[in-house]
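# Observations on the model geometry
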Amino acid sequence: MKTIFSPDQLLHAPTKEISDGKLVAAHEVPARAEIILEHIRKAQFGEIQPPKEFTLNAILKVHDTDYVHFLQDFWKLWQEAGRTEEEVFPFVWPVHGLRHDIVPDHIDGKLGFYSFDAGSPMGAHTWTAARSSAETALTGADLILSGEGAAFALCRPPGHHAHRRLYGGYCFLNNAAIAAQHLRDQGVGKVTILDVDYHHGNGTQAIFYDRADVQFLSIHADPKVEFPYYLGHANERGLKEGAGYNHNYPLPHGTSWDKWGEALEDACRTIMKFAPDVVIVSLGMDPYENDPISQFRLKTDDFTRIGARIAQLGCPTLFVMEGGYLIGELGVNCTKALSGYLD
Ligand code: Q9C
Ligand code: ZN
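Just so we're clear, the structure is a prediction, and the values are computed from it rather than from any experiment. (Residues numbered from 1 in each chain as written. Chains lettered and ligands numbered in written order. Predicted model: local features only at pLDDT ≥ 70, side-chain atom pairs only at ≥ 80, totals over all residues.)

### Topic: the overall build of the protein chain
Operational definition: Numbering of helices and strands runs from the N terminus, with a helix taken as a DSSP run of H or I at least four residues long and a strand as a DSSP run of E at least two residues long. In this setup the radius of gyration rests on C-alpha atoms only. A globule is expected at 2.2 Å times the number of residues raised to 0.38.
Counting secondary structure elements, the protein chain contains 10 helices and 10 strands. Expected size for 343 residues packed as a compact globule is a radius of gyration near 20 Å; at 18 Å, the protein chain falls within 12% of this value. Dimensions along the principal axes, computed over C-alpha positions, put the protein chain at roughly 55 × 45 × 40 Å.

This is the structure:
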């Protein structure tokens, strides 16, 4: 199994974030990707290659043009506004009752217009890193198209919280969704995205909510008590043609393998019924028991089980890295999931 990664993905390097009502040290940092890479090298799963370059077309199939241009131009706009902070946060949003149909000219208005939280600081190189992360997922999709049975897109920054026109939850471009859409555009009939990150994949769900060609399943902490709070309930089943193709498994704080594994079993049976041509796994390591921002209790060996169960689906599989914040164990847990799949 090949791994795709570019050092450009390290250029987005926030030092702080707003979380739980206060400014804290950033969790989504370059060291995450570096430790995973180190362990992938040691595990010798196969070649580690840089992403290919892509035009913006594949990204624009998932994200709105004005949003992509905002991300691309952000640092220039910020400097033109005479602002000097290196890490930038939105602080006002067009929530219920406010206008969504006029994009503000002011940079602070734009920041809130295109985001849903204050936890995802942007800097001078955020766009470069996010684009490179998306290209990593796209290159992984191309490997699957060329006949590889599996590939690992070591994406960072992550993607599953990003909507068509919103960033948040450390995510700017929805890497898994971009890969799924690319596969569809290259002639793959049906794609499943299985999201095992601790947090609900709100962006991915929203992007494919009215579609029957991309099935979405997510196992995550109950949004009643966990980020992203406003999406991820069990009764979100899809709309229009997409009705019945969205499946959420919200689980309580404290969940360990017994209940988590049951949800995975149910998800895998649902995937088998859909009979996808390709499975994309939004691979988060944050269900881990010692993750600093999670309340689940999966153990290192449970990640092996996850990989092994996914392998039983017998589908070409693209693993796309999402969250996971205990740097010390991130590399081990990630390689466990992948070796569980391969063995
Ligand atoms: N106590 C990903 O895993 N902070 N994003 C929530 C709640 C935001 C996680 C804090 C978590 C975003 C890709
Ligand atoms: Zn997460």
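### Some words on the site of ligand 1
Selection criterion: The criterion for a residue being near a molecule or strand is simple: its C-beta atom, placed using the backbone, must lie within 6 Å of it. For this scheme, ten residues count as nonpolar: Ala, Val, Leu, Ile, Met, Phe, Trp, Tyr, Cys and Pro. Four count as charged, namely Asp, Glu, Lys and Arg, and the remainder, Gly too, count as polar.
Taken together, 16 residues surround ligand 1, and among them Ser 19, Pro 158, Gly 169, Phe 227 and Gly 323 come closest. Counted by class, the shell around ligand 1 contains five nonpolar, seven polar and four charged residues.

### A short note on helix α9 (residues 300–311)
Heads up, the condition is: For a helix, the expected span equals 1.5 Å multiplied by the residue count minus one. Exposure is read from a count of other C-beta atoms within 10 Å of each residue's own; the residue is exposed at 12 or fewer, buried at 20 or more and partly exposed in between. C-beta atoms are placed from the backbone. In this description, one arc is meant: the one made by directions from the helix axis to the C-beta atoms. By the convention adopted here, residues make contact when the C-beta atoms placed from their backbones lie within 7 Å.
Over its 12 residues, α9 extends 18 Å from the first C-alpha to the last, a length consistent with the 16 Å expected when each residue adds 1.5 Å. Every buried residue belonging to α9 is among Asp 302, Phe 303, Ile 306, Gly 307 and Ile 310, and all of these are buried. Around the axis of α9, the buried residues are gathered within 145 degrees of arc, so they sit on the same side. Contact partners of the buried residues in α9: α8 (257–274), β9 (278–283), β10 (317–321) and α10 (327–342).

### Comments concerning the packing of α8 against α9
Operational definition: Note on geometry: axes are C-alpha line fits, over the in-contact stretch for helices, and angles between N-to-C directions span 0 to 180 degrees. Angular relationships are summarised with four words: roughly parallel below 35 degrees, roughly antiparallel beyond 145, roughly perpendicular across 65 to 115, and oblique for the angles in between.
Here α8 crosses α9 at 10 degrees, and the two axes come no closer than 11 Å. It follows that α8 is roughly parallel to α9 by the angle criterion. Where α8 abuts α9, its residues Trp 257, Gly 261, Leu 264 and Cys 268 lie against Asp 302, Arg 305, Ile 306 and Arg 309. Class assignment for the residues of the contact of α8 with α9 results in four nonpolar, one polar and three charged.

### Focus on the nonpolar core
For the record, the criterion: The term nonpolar core refers to a group of buried residues, namely Ala, Val, Leu, Ile, Met, Phe, Trp, Tyr and Cys, whose C-beta atoms join them within 7 Å.
Among the nonpolar cores identified, the biggest contains 91 residues, and Ala 137, Ala 153, Leu 154, Ala 179, Ile 280, Leu 318 and Val 320 are the most heavily contacted of them. The element that contributes the greatest number of residues to this core is helix α5 (residues 126–145), accounting for nine residues. Setting aside residues no more than four positions away along its own chain, Ala 153 makes contact with Ile 4, Thr 136, Ala 137, Gly 140, Asn 175, Leu 318, Phe 319, Val 320 and Met 321.

### What about the packing of α5 against helix α6 (residues 175–185)?
Our working rule: Left-handed describes a crossing whose near helix is turned anticlockwise from the far helix by less than a right angle; the clockwise case is right-handed.
Two elements in contact, α5 and α6, have axes separated by 8 Å at closest approach and are oriented at 35 degrees. For the crossing formed where α5 meets α6, the hand is right-handed. Note on element contacts: α6 touches α5 through Asn 175, Ala 176, Ile 178, Ala 179, His 182 and Leu 183, opposite Ser 133, Ala 134, Ala 137, Leu 138, Gly 140, Ala 141 and Leu 145. Its residues placed into classes, the contact of α5 with α6 shows nine nonpolar, four polar and no charged.

### Notes on the environment of Asn 235
Structurally, Asn 235 is set in the loop between β7 (214–221) and β8 (246–251). Considered as a pair, Asn 235 and Tyr 249 are 14 residues apart in the sequence and their alpha carbons are 9.8 Å apart.

### Brief notes about the sheet that holds strand β4 (residues 48–49)
The strands making up a sheet associate through hydrogen bonds between their backbones, and the pairing can be parallel or antiparallel. This is how it is decided: Each pair of strands is called paired provided DSSP finds at least two bridges between the two strands.
Judged by pairing direction, the sheet is parallel, and its eight strands sit side by side in the order β4-β1-β5-β10-β9-β6-β7-β8 without closing on themselves. Taken across any chain shown, the strands that pair with only one partner, and hence form the sheet edges, are β4 and β8. Summarising the sheet, β9 and β10 pair through five bridges and their orientation is parallel. In the sheet register, Val 281 faces β10, and the bridge partner there is Phe 319. Its contacts with the sheet place α5 against β1 (2–4), β5 (150–153), β9 and β10, and it is angled at close to 175 degrees to β5.

### A short note on the UniProt feature "domain: Histone deacetylase" (unreviewed entry) in the protein chain
Where we set the bar: UniProt positions are given in the numbering used here, feature names are shortened, and annotations may be inferred rather than shown by experiment.
UniProt feature "domain: Histone deacetylase" (unreviewed entry): in the numbering of this structure it lies at residues 28–337. For residues 28–337, helix accounts for 39% and strand for 12%, while the C-alpha atoms at its two ends are 20 Å apart.

### What to know about the environment of Ala 308
For Ala 308, the location among the structural elements is in helix α9. Spatially, the C-alpha atoms of Ala 308 and Gly 340 are 4.6 Å apart, while their sequence positions differ by 32 residues. Setting aside chain neighbours within four positions, we find Ala 308 in contact with Gly 340 and Tyr 341.

### Observations concerning the confidence of the model for the protein chain
To keep it simple, the criterion reads: Every residue carries a pLDDT, the predictor's confidence in it, which falls somewhere between 0 and 100.
A residue-level look at the protein chain finds 100% of positions with pLDDT of 70 or above and a mean pLDDT of 98. What the predictor reports for the complex is a pTM of 0.99 with an ipTM of 0.98.

### As for α5
Over its 20 residues, α5 extends 29 Å from the first C-alpha to the last, a length consistent with the 28 Å expected when each residue adds 1.5 Å. Extensive coverage of α5 is indicated by the burial of 18 of its 20 residues. One or two steps after α5, the chain reaches Gly 147, where phi turns positive at roughly 110 degrees.

### Here we look at unusual backbone geometry
With an omega of 5 degrees, the peptide bond running from Arg 156 to Pro 157 counts as cis. Within the secondary structure, Pro 157 is located in the loop between β5 and α6. The backbone phi angle of Gln 44 is positive, close to 50 degrees, even though this residue is not glycine. Locating Gln 44 in the fold gives a position in the loop between α1 (30–43) and β4. Take Gln 44: there are 8 C-beta atoms within 10 Å of it, and that puts it in the exposed class. Phi at Lys 240 is positive, roughly 50 degrees, even though this residue is not glycine.

### Some remarks on the pairing of strand β3 (residues 22–25)
As defined by bridge partners, strand β2 (residues 16–19) adjoins β3 across four bridges and the pair is classed as antiparallel. By the bridge assignment for β3, Ser 19 is matched with Lys 22. As consecutive antiparallel partners, β2 and β3 are separated by two residues, and within that stretch Asp 20 has a phi angle of approximately 55 degrees, a positive value.

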